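Chain by chain, the residues run as shown.
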Amino acid sequence: MSDAISVQPVVMAGGSGTRLWPLSRGQYPKQFLTLSGEHSLFQQALVRLRDLEGPGLSLSAPLVVGSDDHRFLMQDQVTAARLGAPTLLLEPVGRNTAAALTLAALQAGSDGADPVLVVSPADQTVTDSVAFAAALCRAVGWAAQGSIVVIGVKPQRPETGFGYIRLDTSDAHSRVAEFVEKPDAETATRYVDSGDYFWNAGLFVVRASDWLRAIESFRPDIAAATHAAWAARRVDGPFIRPDRALFEAIPAESVDYAVMEKCPKSDIDIRMVGLDAGWSDLGAWDAVWQLGRKDAAGNVADGDAIIEDCRDTLVHATSRLVSVVGVDNVVVVETPDAILVADRGRSQDVRKIVSRLEGDGRSEHILHRRVHRPWGWYDSVDAGPRFQVKRILVKPGATLSLQMHHHRAEHWIVVSGTAEVTCGDSKRLLTENQSTYIPLGETHRLANPGSIPLEIIEVQSGSYLGEDDIVRFEDSYGRAK
């Protein structure tokens, strides 16, 4: 195996997926949702890259570049899908894909190796994994010889939400002539009709050293700032953390703008491999409809939905019955705390709703009603003046922080499992149907010492019930507040 090509799979797990609101939110974005099949898009990406292994390739464990805010979510999904032990490289703040890929290249070469990076976004899906693997393996062969390789998808329709790649039709080696950003509808139609353009899938294959040379050539500011942040990294259990202050100084730029668009006019050999594998980036609700299983009238239903006398409509219900009558080309998405109704042809404009929520200082673009934590989750099922009711699940063996509240008291009722409750100087076990009271200002902690999930109902009462009324004294997950 001395002649085997060393391959480093890289999954880019950042991003917010604003066009899939209200299902996708800042703290639980699109890539961690299960929109097709049994696994999340993030898990699917890891599985696809794991399956690349073949004759002449030597694969390393995947390297994931993702947000520090999602570190426990990534770790949980890796564990749940039994995907081994990928390296988790955490971005303290978002700085777009050029910095993320540069981090991955630096990390991949940190032991003196120079692998070929196979870079995939975490928020895509394909229906033909065999064809996907074949296309990427072909790209690895070219990248091993010094080319930068992009993956292009033959357009199925005019699409204004994608960038495009134009091939040099005079070249027999699939060299790229031009990258074109998201066009208007008329231009997109002309691209598709010409047959010379491909959707830019955001999939790249390049040797680590070749990427570093390219970013240093075209954007030395990004290269230098990213290297400084990575050089000052620290290792925190399974996580690798670049220095926050130095990382914040990195200019935010995409891979395409920083490097790829400049390559055709340089001496860098940049090629494209075509992909015909049922690819979708599921970038908006229209794409989810395109991928879904349709009835005779073209409708797609997910969850508890009743559709009557409708055509080409998507209904996604998560927590209750949703019924629609007599509407065509509509998207209806229901979550416990928000409902979206939109013209399916204007799915791209959902991001405008997210922008308005942010501008109005609301939280529905960031958090679901059910909020995931490293120890489990809580669901705020009811609230009113001076009270709030939460359903809380604690994973087996997990422990919440030792904490206190200045403005609220809490009542805990065990629904199932076993709770270990610390309250002041006392510690005791509670089982199903037992309860306890945590006075205002008392130091307390909740833990699950059992082998099954612990579920409790928490009733909070007091003058202020915000999540920021927490003083942490000890925390197993490194959280300061």
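Heads up: these notes are all about the structure in this document. All figures in this text were calculated on a predicted structure; none of them were measured in a lab. (Residues numbered from 1 in each chain as written. Predicted model: local features only at pLDDT ≥ 70, side-chain atom pairs only at ≥ 80, totals over all residues. Heavy atoms only, no water.)

## Topic: the overall build of the protein chain
Put simply, the test is: Numbering of helices and strands runs from the N terminus, with a helix taken as a DSSP run of H or I at least four residues long and a strand as a DSSP run of E at least two residues long. In this treatment the radius of gyration is a C-alpha quantity, and the globule benchmark scales as 2.2 Å times the residue count to the 0.38 power. Relative accessibility under 20% of the residue-type maximum defines a buried residue, over 50% an exposed one, and the middle range a partly exposed one, all with a 1.4 Å probe and only protein chains included. Two residues form a contact once any of their heavy atoms are found within 4.5 Å.
Broken down by element type, the protein chain carries eleven helices and 29 strands. Taken against the 2.2 N^0.38 rule, which gives 23 Å for 481 residues, the C-alpha radius of gyration of the protein chain at 25 Å falls within 12% of a compact globule. Relative to its 481 residues, the protein chain shows a buried fraction of 51%. Long-range contacts, defined as pairs at least 24 residues apart, comprise 68% of the intrachain contacts of the protein chain with a sequence gap of at least 6.

## Some words on the packing of aromatic side chains
Our working definition: To pair, rings of Phe, Tyr and Trp, with the six-membered ring standing in for Trp, must have centres within 6.5 Å; the planes then decide the type, stacked if under 30 degrees apart, edge-to-face if over 60, and tilted in the middle.
For the structure on display, the rule yields eight aromatic pairs. With a centroid separation of 5.6 Å and an interplanar angle of 80 degrees, the aromatic rings of Phe-72 and Tyr-477 are classed as edge-to-face. Placement of the pair is Phe-72 in helix H2 (residues 71-80) and Tyr-477 in the segment after strand S29 (471-474), with a sequence separation of 405 residues. For the pair Phe-72 and Tyr-477, a shared accessibility class is recorded, and that class is buried. On the numbers, 4.8 Å between centres and 70 degrees between planes, the contact of Phe-162 with Trp-199 is edge-to-face.

## A short note on the sheet that holds strand S17 (residues 330-335)
As a reminder of what qualifies: For two strands to be treated as a pair, DSSP must find no fewer than two bridges joining them. Fitted lines through C-alpha atoms give the axes, limited to the stretch in contact for helices. The angle between two N-to-C directions lies from 0 to 180 degrees.
The mixed open sheet is built from four strands, whose spatial order is S13-S15-S17-S18. Taken across any chain shown, the strands that pair with only one partner, and hence form the sheet edges, are strand S13 (300-302) and strand S18 (338-343). The sheet shows a mean angle of 5 degrees between the axes of neighbouring strands, direction not considered.

## Focus: the pairing of strand S23 (residues 408-416)
Note: S23 against strand S28 (residues 454-462), eight bridges, orientation antiparallel. Bridge assignment links Ser-416 to a residue of S28, and that residue is Glu-455. Where S23 lies against strand S26 (residues 435-438), four bridges are found, and the strand directions are antiparallel. Across the sheet, residue Glu-410 finds its bridge partner in S26, namely Ile-438.

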